[in-house]
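Listed below, chain by chain, are the residues.
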Amino acid sequence: MGIVNVTPDSFSDGGQFATTEAAIAHALRLADEGADLLDIGGESTRPGAEPVPPGEELRRVLPVIEALAGRTECLISVDTTKAEVARQAIAAGAHVVNDVSAMTADPDMLEVAAKAGVGVVLMHRQGTPETMQDNPSYGDVVREVCGFLAQRAAAAMQGGVHRSSIVIDPGIGFGKTTEHNLALLRSIPSLRAIGFPVLIGASRKRMIGELLDRRVDARLAGSLALHTFTLLQGAAVIRAHDVKETCDCARLLDKLTLHEA
């Protein structure tokens, strides 16, 4: 899943692809580099980010989705917590709704996704982007995150989302300390046991900076190490900024772990 932030304030590449033309060009480049999905977002979810009105979010993402729908075979994902943004994005050509609130922020999101029959990514977070890194706390982070995701997946299916359309995401960096993140990355088999494909979004995250003392623009090696580890643990989808390098890593990993029957 290649990341396309149509925002001025995302933590890693805010402003680089904020115009429609730049975002489309970037998305097509990610598709050429091997992305299977393109995740289009018009609202930053970095720690401390403030909410964006639905109208502004739509202004950012709709022209990009409309343009990509006719120019790439990649699946298109809209990264939003707002039902109206999701509804219009789906009408414009989006195939997946990637909701960092696991469809809890907007009571209409579940109905929109179920009626459209699109894929959904359900992510765990503690708090909101404005507050989530103030003092994240858990009794047992793996148990609590797994329990939440199991509950949200069940709610999605009860609301009409097909089981095969659901992907779960533990929300690396969303209301978690570095130790919480490490515990979750080591526990991907527990996440898989819930019964759904697991998406991991650790690309360029703060934990890499804390563990390796690297700025955001120097976290490629750390990102690839995390991606490799999570693939070996059974992650199904990697959400990445650096698609070419991540795909190279995944392809080589396939060669190394392929065994003849």
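Asker: So what's going on with the nonpolar core? Residues and values would help.
Answerer: With 68 residues, the main nonpolar core has Ile40, Ile65, Leu68, Ile166 and Ile200 as its most contacted residues. Take this core: its biggest share by element is 7 residues, from helix H5 (residues 141-158). In contact with Ile65, not counting residues within four places along its chain, are Ile40, Ile76, Val78, Ala89, Ala92, Gly93 and Ala94. In this structure, Leu37, Val96, Val121 and Val167 belong to the second largest nonpolar core, which totals 7 residues.

Asker: Could you give an account of helix H6 (residues 178-185), with specific residues and numbers?
Answerer: Counting buried residues in H6 gives 6 out of 8 residues, a clear majority hidden from the surface. For H6, the set of buried residues is Thr178, His180, Asn181, Leu182, Leu184 and Leu185. In this fold, the buried residues of H6 make contact with H5, helix H7 (188-192), strand E7 (199-200), helix H8 (206-212) and helix H9 (220-232).

Asker: Can you tell me about the layout of surface pockets, naming the residues and giving the values?
Answerer: Here the second largest pocket is characterised by a volume of approximately 300 Å³. What lines the second largest pocket is a set of 16 residues, and nearest its centre among them are Met1, Gly34, Asp36, Ile238 and Cys247. Contributing elements (two or more residues each) for the lining of the second largest pocket: strand E8 (237-238) and helix H10 (243-257). The leading source of residues in the lining of the second largest pocket is H10, at 5 residues.

Asker: Tell me about the pattern of salt bridges, residues and numbers included.
Answerer: Following the criterion strictly, the structure yields 11 salt bridges and no others. In this structure, the salt-bridge partner of Arg87 is Glu84, at a minimum N-O distance of 2.5 Å. One end of the pair is Arg87 and the other is Glu84, both in helix H3 (residues 83-92) and 3 residues apart, which spans about a single turn. Classification of Arg87 by relative accessible area gives partly exposed; the value is 43%.

Parameters and conventions
Residues numbered from 1 in each chain as written. Predicted model: local features only at pLDDT ≥ 70, side-chain atom pairs only at ≥ 80, totals over all residues. Heavy atoms only, no water. Core = buried A, V, L, I, M, F, W, Y, C linked by side-chain atoms within 4.5 Å. Buried < 20%, exposed > 50% of the residue type's maximum accessible area, 1.4 Å probe, protein only. Helix = DSSP H or I, 4+ residues; strand = E, 2+ residues; numbered from the N terminus. Contact = heavy atoms within 4.5 Å. 1 Å grid on protein atoms, 1.4 Å probe; cavity = no way out; pocket = protein on both sides within 12 Å on 5 of 7 lines; lining within 4 Å. Points joined across faces, edges and corners; volume = space filled by probe spheres on them. Salt bridge = Lys/Arg side-chain N within 4 Å of Asp/Glu carboxyl O.

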